[in-house]
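Each chain is listed here by its residues.
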Amino acid sequence: CWRACGCCLEVSGCEKLRSVVIGGGSCVNWNGFVMKDCESVEEVVIGDGCFANSEGGVFEASECEKMKRFLIGEGCCVKWSSFTLNNCSIEEVSIGNGSFANCEGGEFEVSECERLGRMIVGSGCCVNWSSFVLRNCGVEEVSIGDGCFVSCENTVFESGSSLAG
């Protein structure tokens, strides 16, 4: 169910796992968080300053049928280059100030998350990332803080009829 692969945390197929909570300042040198096929996980909470020292890391969650909330604290994954959520029943995503902040050309994609109602990206996140994509999500609120996606070359909001105006 849990596996540390090098310096990457992989969580997959955990039938009874309901939540994942990583305390502040933990896993600072790990360069990946991958969660797949976790049918019973409802919540992931990552405290401030986690995964903060490693470069080029990836953050990925897919096929998590019961996931409702994904909360990432401030200053997390600072030098990581990818954030992907795919086919999760997630309702809320919140990324704290200064997370995913210091990487060039990163890619941010949330797709096939039809229950997603609220996406909050704090100030100073994903500053020099090249892509921001929300595809086939039922999002009602998107809040992007100051100084985010400054160098973004590709911005996609598909299924725009679901966006509140």
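None of these values were measured; they are calculated from a predicted model. (Residues numbered from 1 in each chain as written. Predicted model: local features only at pLDDT ≥ 70, side-chain atom pairs only at ≥ 80, totals over all residues. Heavy atoms only, no water.)

### Here we look at the packing of aromatic side chains
One pass over the structure, following the stated rule, counts 15 aromatic pairs. Pairing F33 with F70 gives two aromatic rings, centres 6.4 Å apart and planes at 90°, and the pair type is edge-to-face. With F33 in strand β4 (residues 32–36) and F70 in strand β7 (residues 69–72), the pair connects residues that are 37 residues apart, well separated along the chain. Residue classification places F70 among the buried positions, given a relative accessible area of 1%. Judged by centre distance (4.7 Å) and plane angle (15°), the ring pair of F83 and F108 falls under stacked. Of this pair, F83 sits in strand β8 (residues 82–86) while F108 sits in strand β10 (residues 107–111), and the two are 25 residues apart along the sequence. On the basis of relative accessibility, which here comes to 0%, the residue F83 falls in the buried class. (Phe/Tyr/Trp six-rings, centres within 6.5 Å; stacked < 30°, edge-to-face > 60°. Helix = DSSP H or I, 4+ residues; strand = E, 2+ residues; numbered from the N terminus. Buried < 20%, exposed > 50% of the residue type's maximum accessible area, 1.4 Å probe, protein only.)

### Examining the nonpolar core
One finds F33, M35, F70, F83, F100, F108 and V110 to be the most contacted residues of the largest nonpolar core, which totals 46 residues. Residues in contact with F70, not counting those within four places in the same chain, are F33, V44, F59, A61, L85, I90, E92, V93 and S94. (Core = buried A, V, L, I, M, F, W, Y, C linked by side-chain atoms within 4.5 Å. Contact = heavy atoms within 4.5 Å.)

### Describing the state of the cysteines
Under the definition given, this model contains zero disulfides. The thiol of C137 is unpaired, and the distance to the nearest cysteine sulfur, on C113, comes to 4.9 Å. Of the cysteine sulfurs around C152, a residue in no disulfide, the closest is that of C126, at 9.2 Å. Taking the relative accessible area as the measure of exposure, C152 reaches 22% and is therefore partly exposed. (Disulfide = S-S within 2.5 Å.)

### Section: a positive patch on the surface
On the surface, R18, K66, K68 and R115 cluster together to form a positively charged patch. Residue position: K68 is located in the loop between β6 (58–62) and β7. Classification of K68 as partly exposed rests on a relative accessible area of 40%. (Patch = residues over 30% accessible without salt bridge, like charges linked within 9 Å, V, L, I, M, F, W, Y side chains within 5 Å. Areas by Shrake-Rupley, 256 points an atom, 1.4 Å probe, with all protein chains shown as cover. Salt bridge = Lys/Arg side-chain N within 4 Å of Asp/Glu carboxyl O. Lys, Arg positive; Asp, Glu negative; His and termini not counted. Charge placed at Lys NZ, Arg CZ, Asp CG, Glu CD.)

### Some remarks on a negative patch on the surface
The grouping of E15, D37, E39, E63 and E65 at the surface amounts to a negative patch. Within the secondary structure, E15 is located in the loop between β2 (8–12) and β3 (19–22).

### Section: the sheet that holds β7
Strand order in the open sheet formed by six strands is β3-β5-β7-β9-β11-β13, with parallel pairing between adjacent strands. Two strands in the sheet have a free side with no partner beyond their single neighbour: β3 and β13 (141–144). Across the sheet, the mean angle from the axis of one strand to that of its neighbour is 0°, orientation sign disregarded. When strand β9 (residues 92–95) meets strand β11 (residues 118–121), the two strands line up parallel, connected through four bridges. Across the sheet, the residue bridging to I95 is V121, located in β11. (Pairing = 2+ DSSP bridges. Axes fitted to C-alpha atoms, helices over the stretch in contact; angles between N-to-C directions.)

### A word on unusual backbone geometry
The backbone of F51 sits at a positive phi, close to 55°, despite the residue not being glycine. Note on placement: F51 falls in the loop between β5 (43–46) and β6. F51 sits in the buried class, given a relative accessible area of 0%.

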